[in-house]
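# Chains, contacts and geometry: an overview
Take a look at the letters that make up each chain.
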Amino acid sequence: MSVVNIVGTLERSPAIFETRAATSEPAWAKWSLIAVSIAFFSLFLLLPLVVVFVEAFAKGWSLYKDAVTEADAWSAIKLTLIAAAISVPLNLVFGVAAAWAIAKFEFRGKQILLTLIDLPFSVSPVIAGLIYVLLFGAHGWFGPWLKENDLKIIFAVPGIVLATMFVTVPFVARELIPLMQAQGREEEEAAVVLGASGWRVFWSVTLPNVKWALLYGVILTNARAMGEFGAVSVVSGHIRGQTNTLPLHIEILYNEYQFTAAFAVASLLAMLALVTLGAKSLIEWRQKSVLKELQS
Amino acid sequence: MQSRKLLLALGSSLGLIFASSVAAQTTLLNVSYDPTREFYSEFNAAFAKQWKAKSGESLSVKQSHGGSAKQARAVIDGLEADVVTLALAYDIDAIHENGGLLPKDWQKRLPNNAAPYTSTIVFLVRKGNPKKIKDWNDLARAGVEVITPNPKTSGGARWNYLAAWAYSLAQPGGSATTARSFTKSVYDNVKVLDTGARGSTTTFVERGIGDVLIAWENEALLAIKELGPDKLEVVVPSLSILAEPPVAIVDKVVDKRGTRKVAQAYLEFLYTPEGQRLAGKHFYRPRDSKIASEFSKQFAPVKLVSIDTVFGGWQKAQKEHFADGGVFDQIAVRK
């Protein structure tokens with residue numbers, strides 16, 4: 001996660017950026033490198049993004065509006081929002097707790113906890129979905145019990161929320177841990193010496209110190225929660241108007257030759273990505289200005 | 001205090017989910033295979049209208065589509081389908097065998113082997129047929145790229161495979177050995193194995209990969225309707241297989257949900273003139289000969305063989321060809 005590092009270093013060492021050129025390569029070398037990266041960037045990132053919007057509006061505004069307000073699309077939007085609304089706060093609480101424990105305390109099994117947090121990054125989303133089928137499916141470990149009590153987990157909303165939570169577990173904790181570790185424990189120790197309770201230390205010292213990184217983590221979690229395809233696809237059952245999230249709905253539309261509608265709905269997700277990027281830059285900019293204030 | 005608010009918000013959003021699953025309206029879930037999407041979305045509306053007129057109950061039929069075997073797997077794992085409308089009998093047999101959600105004799109409960117419409121396997125080629133593909137033997141030629149889905153996950157793909165096998169068997173001097181080497185040379189030409197029929201169609205039509213798509217007749221005709229006859233054409237081989245996509249009520253589910261009556265009426269509606277006509281409109285061959293004759297222009301006459309006579313039924317075909325280590329696994333091994 002290079003982004004983590006960037007945010008981390010910004011907090012850690014209030015760098016003074018040099019205005020003087022730091023390299024001595026000839027101009028043509030610099031410019032050709034820049035040109036290569038711009039070409040790459042436009043070809044692989046910008047062009048597809050533009051295509052999404054061009055295709056979305058290919059048949060005019062009214063078709064676009066129909067595609068995103070149609071009943072199944074609307075239900076997919078709602079389900080995506082519900083999944084995010086549940087998994088993001090839960091992962092926020094879990095992420096903060098885990099990061100706090102890992103960064104500020106020493107205990108046995110700390111490495112194991114760290115590894116577990118990273119697990120969703122290394123496990124393929126399809127496996128993440130299948131885990132829940134094996135646990136909660138009709139022939140899974142808890143299947144008979146769930147059936148007796150008439151509870152539905154997979155092929156229903158709870159399964160989708162679980163799968164979403166699984167894949168988004170690492171984001172908040174991974175944002176916070178390097179920052180919290182770099183900040184050290186001195187401020188907390190001072191607070192404890194001054195007689196503050198554990199809660200008080202957390203709310204008044206720890207949390208304010210990490211709030212921007214935390215917000216950043218939440219934004220990333222949210223983006224992933226809304227965009228997740230693989231894990232959700234396995235547990236969804238693909239019931240139209242009921243268990244399809246936005247990414248699944250896009251696939252369905254595409255497979256039904258409704259290309260314009262597919263891109264129209266895809267543009268919603270693309271817009272979410274753009275908003276995420278905007279929010280991220282805003283947060284980074286805020287962080288920088290906080291640092292500047294500290295320096296002067 | 002903030003944490004309490006958070007809990008409250010969580011609680012209410014959870015409540016919202018469970019509330020939304022308790023619907024006021026009667027719902028049916030039809031778990032189907034890939035190419036029936038368009039057909040069932042129109043059929044569902046027609047049936048809901050008829051059901052409302054008959055019983056006064058407003059009904060909403062939900063659809064789920066995917067590769068046939070994958071869909072059967074989901075029902076076995078607990079996807080609560082009131083009815084299943086899959087690509088082949090073996091996949092419904094699997095639902096009986098794993099968990100007994102429906103009885104063994106399900107196929108006898110409705111007319112025509114519980115298959116209200118049939119289809120067959122044809123070829124879709126690019127306009128003008130640049131590779132001159134006329135029959136199955138052209139698919140085994142060197143330099144022809146073939147697109148078909150994976151028989152492990154897709155029902156249509158299994159029909160495709162068996163049709164190729166049956167063609168070779170029917171040639172002069174045809175035997176299991178020649179059929180095997182013929183089918184192997186066809187699959188050696190396969191470039192992409194998607195998981196479902198629709199995925200393969202998209203690969204062929206949208207991504208422009210391959211020279212020929214082995215496809216359901218209905219899927220091929222739909223692709224032409226959607227994307228224009230100026231891009232694609234259908235080639236009907238000299239011999240193909242009679243595909244009977246069957247339908248069934250999932251007993252354990254309808255009894256639990258109290259939907260048996262409406263589910264039964266739903267499947268029976270498939271056999272009425274209106275249901276048959278809708279099937280024909282969406283390029284399935286209607287069983288009702290009178291309705292079928294209305295669509296005679298759409299369906300080219302083709303010599304059809306049935307799986308029961310050539311392969312001894314689905315159970316046997318499945319074990320021999322598609323089970324782990326079966327003939328398909330043996331011939332699909334790449335050199």
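That block above? That's the structure.
Quick summary incoming for the structure in this document. All values derive from a computational prediction rather than experimental measurement.

### Digging into the overall build of chain B
- Along the backbone of chain B there are 16 helices and 12 strands.
- For a compact globule of 335 residues, the expected C-alpha radius of gyration is about 20 Å, and chain B comes in at 22 Å, within 12% of that figure.
- Along the first, second and third principal axes, the C-alpha atoms of chain B reach 75 × 55 × 45 Å.
- By the burial criterion, 57% of the 335 residues in chain B qualify as buried.
- The contacts in chain B between residues at least 6 apart in sequence include a share of 76% that link residues at least 24 apart.
- Carbon and sulfur atoms make up 56% of the accessible area of chain B, which totals about 13,900 Å².
- Of note, chain B has its 43 positive side-chain charges centred 2 Å away from the centre of its 34 negative side-chain charges.

### Topic: the environment of Ala156(A)
Residues and elements named next belong to chain A.
- Looking at where Ala 156 falls in the secondary structure, it is placed in the loop between α7 (143-148) and α8 (157-168).
- Along the backbone, Ala 156 and Gly 140 are 16 residues apart, and their C-alpha atoms lie at a distance of 16 Å.
- Other than its neighbours up to four places away in sequence, Ala 156 contacts Val 235 and Thr 243.

### Quick look at the layout of surface pockets
- Put simply, the second largest pocket is a space of about 770 Å³.
- The set of elements that each furnish at least two residues to the lining of the second largest pocket consists of α6 (125-136), α12 (230-236) and α13 (246-255) of chain A together with β2 (59-66), α3 (68-76) and α8 (197-205) of chain B.
- Among the residues forming the lining of the second largest pocket, the class breakdown is 10 nonpolar, 18 polar and 10 charged.

### Remarks on the packing of aromatic side chains
- One pass over the structure, following the stated rule, counts 35 aromatic pairs over all chains.
- A ring pair is formed by Trp61(A) and Tyr64(A), whose centres lie 5.6 Å apart and whose planes are at 20°; its orientation type is stacked. With Trp61(A) and Tyr64(A) both in helix α3 (residues 61-69) and three residues apart, this pair spans about one turn of that helix.
- Judged by its relative accessible area of 6%, Tyr64(A) is buried.
- Centre to centre, the rings of Tyr161(B) and Phe328(B) are 6.0 Å apart; their planes meet at 80°, and the pair counts as edge-to-face.

### Concerning the pattern of salt bridges
- Enumeration over the complete set of coordinates arrives at 30 salt bridges over all chains.
- Its salt-bridge partner being Asp118(A), residue Arg174(A) comes within 2.8 Å of it at the nearest N-O pair. One end of the pair, Arg174(A), is in helix α9 (residues 170-183); the other, Asp118(A), is in helix α5 (residues 110-122), with 56 residues separating them in the sequence.
- A cluster of three or more residues bridged by salt bridges with shared partners is formed by Asp150(A), Lys152(A), Glu80(B) and Lys256(B).

### So, the packing of helix α4 (residues 71-104) of chain A against helix α11 (residues 198-227) of chain A
Residues and elements named next belong to chain A.
- Direction vectors running N to C along α4 and α11 enclose 135°, while the axes themselves pass 9 Å from each other. Classed by the angle they form, the pair α4 and α11 counts as oblique. When you trace α4 past α11, the crossing you get is right-handed. Residue-level contacts link Thr 80, Leu 81, Ala 84, Ser 87, Val 88, Asn 91, Leu 92, Val 96, Trp 100 and Lys 104 of α4 to Gly 198, Phe 202, Thr 206, Leu 214, Val 218, Thr 221, Asn 222, Ala 225 and Met 226 of α11.
- Partitioning the contact of α4 with α11 into residue classes produces 11 nonpolar, seven polar and one charged.

### Looking at the side chain of Asp194(B)
Residues and elements named next belong to chain B.
- As for its position among the elements, Asp 194 is in the loop between β6 (190-192) and α8.
- Summary of buried charges: Asp 194 has no salt-bridge partner, and the nearest side chain of opposite charge, Arg 207, is 4.8 Å away.
- Within the local environment of Asp 194, its side chain forms a polar contact with the side chain of Thr 203, the two groups lying 2.7 Å apart.
- If sequence neighbours within four positions are ignored, Asp 194 has contacts with Thr 148, Pro 149, Asn 150, Thr 153, Gly 199, Ser 200 and Thr 203.

### Things to note about a nonpolar patch on the surface
Residue and element names in this part refer to chain A.
- On the surface, Phe 40, Phe 41, Leu 43, Phe 44, Leu 45, Leu 46, Leu 47, Val 50, Val 51 and Val 54 cluster together into a nonpolar patch covering about 960 Å² of accessible area.
- If you trace the backbone, Val 54 turns up in helix α2 (residues 27-56).
- Assessed through its relative accessible area of 53%, Val 54 is described here as exposed.

### Considering helix α15 (residues 314-322) of chain B
Residue and element names in this part refer to chain B.
- Trp 314, Ala 317, Gln 318, His 321 and Phe 322 are the residues of α15 that are buried. What you see down the axis of α15 is that its buried residues fit within an arc of 100°, all on one side.
- Considering only its buried residues, α15 is in contact with α4 (89-97), α6 (155-170), α14 (307-311) and α16 (327-331).

### Looking at the sheet that holds strand β3 (residues 83-85) of chain B
Residues and elements named next belong to chain B.
- Taken in spatial order, the four strands make up an open sheet running β2-β1-β3-β10, and their pairing is mixed. The sheet is open, and its two borders are formed by β2 and β10 (247-249), each paired with just one other strand. In this sheet, neighbouring strand axes are inclined to one another by 20° on average, regardless of whether the strands run parallel or antiparallel.
- Along the sheet, helix α11 (residues 260-269) makes contact with β1 (26-33), β2, β3 and β10, crossing β10 at roughly 165°.

Cut-offs and rules
Residues numbered from 1 in each chain as written. Chains lettered and ligands numbered in written order. Predicted model: local features only at pLDDT ≥ 70, side-chain atom pairs only at ≥ 80, totals over all residues. Heavy atoms only, no water. Helix = DSSP H or I, 4+ residues; strand = E, 2+ residues; numbered from the N terminus. Rg over C-alpha atoms; globule rule 2.2 N^0.38 Å. Buried < 20%, exposed > 50% of the residue type's maximum accessible area, 1.4 Å probe, protein only. Contact = heavy atoms within 4.5 Å. Areas by Shrake-Rupley, 256 points an atom, 1.4 Å probe, with all protein chains shown as cover. Lys, Arg positive; Asp, Glu negative; His and termini not counted. Charge placed at Lys NZ, Arg CZ, Asp CG, Glu CD. 1 Å grid on protein atoms, 1.4 Å probe; cavity = no way out; pocket = protein on both sides within 12 Å on 5 of 7 lines; lining within 4 Å. Points joined across faces, edges and corners; volume = space filled by probe spheres on them. Nonpolar A, V, L, I, M, F, W, Y, C, P; charged D, E, K, R; others polar. Phe/Tyr/Trp six-rings, centres within 6.5 Å; stacked < 30°, edge-to-face > 60°. Salt bridge = Lys/Arg side-chain N within 4 Å of Asp/Glu carboxyl O. Axes fitted to C-alpha atoms, helices over the stretch in contact; angles between N-to-C directions. Parallel < 35°, antiparallel > 145°, perpendicular 65-115°, else oblique. Left-handed = near helix turned anticlockwise from the far one by under 90°. Polar contact = N/O pair within 3.5 Å; in protein donor to acceptor, adjacent residues only side chain to side chain. Patch = residues over 30% accessible without salt bridge, like charges linked within 9 Å, V, L, I, M, F, W, Y side chains within 5 Å. Arc of directions from axis to C-beta. Pairing = 2+ DSSP bridges.

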